[in-house]
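Chain by chain, the residues run as shown.
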Amino acid sequence: MYCVGELFVYGRNGACKITDIKTQKFGNSEKMYYILSPVFDMRETIFVPVDNELLVSKMKKMLTKEEIIALIKSIPQRENLWIENVKTRREEYKKIISKANRDDLVSLMKTLYMRRKELELVGKSLSVYDEKFYRQAESIIHGEISLVLEIPREEVPPYIQKTINEAA
């Protein structure tokens, strides 16, 4: 069982903190819940039933500083996840965001960042959906990096660039 105050990455919500663990009645049933608050959007509250293995499995422990640095250094070697078919791309990117697997999120960010740069060369921009997926992945990853490394979110992109440059 987890404790009040613990930090997790919880799916598309990103970094969340357990603010309470209590029994709550919804409908006719009463259950014990982890009460999560997204760290960067305290207006939202997430109720995760303690006995729901699927939902609890989405509560991923924060990476360590060493793991964060290794993840950043791996960015240049990440594979391109671009999918030409729009419908298939949306479905796949939606799954990546929902699962919040850091490796996949970083690959998605790199893919869409590179695609954006290609399109800018010919005076175009990412589609609304692709931009939305980029922002969601960025929010999850940058939020975790900010918390783990104890730096403001706006300092995360320059930190990533510096770390990649130093590793090259």
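Worth saying up front: this structure is predicted, and the values here are computed from it rather than measured.

Conventions adopted
- Residues numbered from 1 in each chain as written.
- Predicted model: local features only at pLDDT ≥ 70, side-chain atom pairs only at ≥ 80, totals over all residues.
- Heavy atoms only, no water.
- Helix = DSSP H or I, 4+ residues; strand = E, 2+ residues; numbered from the N terminus.
- Buried < 20%, exposed > 50% of the residue type's maximum accessible area, 1.4 Å probe, protein only.
- Contact = heavy atoms within 4.5 Å.
- Areas by Shrake-Rupley, 256 points an atom, 1.4 Å probe, with all protein chains shown as cover.
- Lys, Arg positive; Asp, Glu negative; His and termini not counted.
- Charge placed at Lys NZ, Arg CZ, Asp CG, Glu CD.
- Axes fitted to C-alpha atoms, helices over the stretch in contact; angles between N-to-C directions.
- Parallel < 35°, antiparallel > 145°, perpendicular 65-115°, else oblique.
- Nonpolar A, V, L, I, M, F, W, Y, C, P; charged D, E, K, R; others polar.
- Core = buried A, V, L, I, M, F, W, Y, C linked by side-chain atoms within 4.5 Å.
- Pairing = 2+ DSSP bridges.
- Arc of directions from axis to C-beta.

Here we look at the overall build of the chain
Across its full length, the chain holds six helices and five strands. Going from N to C terminus, the chain has its helices and strands arranged as β-β-β-β-α-β-α-α-α-α-α. Reported as C-alpha extents along the three principal axes, the dimensions of the chain are approximately 55 × 35 × 25 Å. The proportion of buried residues among the 168 residues of the chain is 38%. Sequence separation of at least 24 residues holds for 50% of the intrachain contacts in the chain that already meet a minimum separation of 6. By element, 52% of the accessible surface of the chain is carried by carbon and sulfur atoms, the whole surface being about 10,000 Å². Charge-centre separation for the chain: the mean point of 28 positive side chains lies 4 Å from the mean point of 25 negative side chains.

With respect to the packing of helix 2 (residues 65–73) against helix 6 (residues 156–167)
Orientation of helix 2 relative to helix 6, taken along the N-to-C sense of each, is 70°, at an axis distance of 9 Å. Judged by the inter-axis angle, helix 2 sits roughly perpendicular to helix 6. Residue-level contacts link Ile69, Ile72 and Lys73 of helix 2 to Tyr159, Ile160, Thr163, Ile164 and Ala167 of helix 6. Residues belonging to the contact of helix 2 with helix 6 are distributed by class as follows: six nonpolar, one polar and one charged.

Structural notes on the nonpolar core
Core analysis: the largest hydrophobic core is formed by 32 residues, its most contacted members being Leu105, Leu108 and Ile145. If you tally residues by element for this core, the top one is helix 5 (residues 128–149), at eight residues. Not counting residues within four places of it along the chain, the set of residues in contact with Ile145 comprises Ile68, Ile72, Glu150, Val156 and Ile160. By size, the runner-up hydrophobic cluster in this structure holds ten residues, among which are Phe8, Cys16, Tyr34 and Ile46.

Details of the side chain of Ser37
Of note, Ser37 is situated in strand 3 (residues 29–38). If sequence neighbours within four positions are ignored, Ser37 has contacts with Ala15, Cys16, Lys17, Thr19, Met42 and Glu44.

Quick word on the sheet that holds strand 3
With respect to topology, five strands assemble into an open sheet ordered 4-3-2-1-5, the strand pairing being antiparallel. Each edge of the open sheet is held by one strand with a lone partner, namely strand 4 (46–49) and strand 5 (59–61). Between one strand axis and the next, the sheet turns through 50° on average, direction left out of account. In the sheet, strand 3 pairs with strand 4 via four bridges, with the strands oriented antiparallel. Residue pairing in the sheet places Ile35 in a bridge with Phe47 of strand 4.

A look at unusual backbone geometry
Although it is not a glycine, Ala100 sits at a positive phi angle of roughly 55°. Take Ala100: it is sitting in the loop between helix 3 (86–99) and helix 4 (102–121). You will see that Glu150, though not glycine, has its phi angle at about 55°, which is positive. Tracing the sequence through the fold places Glu150 in the loop between helix 5 and helix 6.

Let's talk about helix 2
Taken together, the buried positions of helix 2 are occupied by Ile68, Leu71 and Ile72. Taken end-on, helix 2 shows its buried residues confined to a sector of 95°, consistent with a single buried face. Buried residues belonging to helix 2 abut helix 4, helix 5 and helix 6.

Quick word on the environment of Glu66
Assignment of secondary structure puts Glu66 in helix 2. Considering only alpha carbons, one finds Glu66 and Pro152, 86 residues apart in sequence, at a separation of 18 Å.

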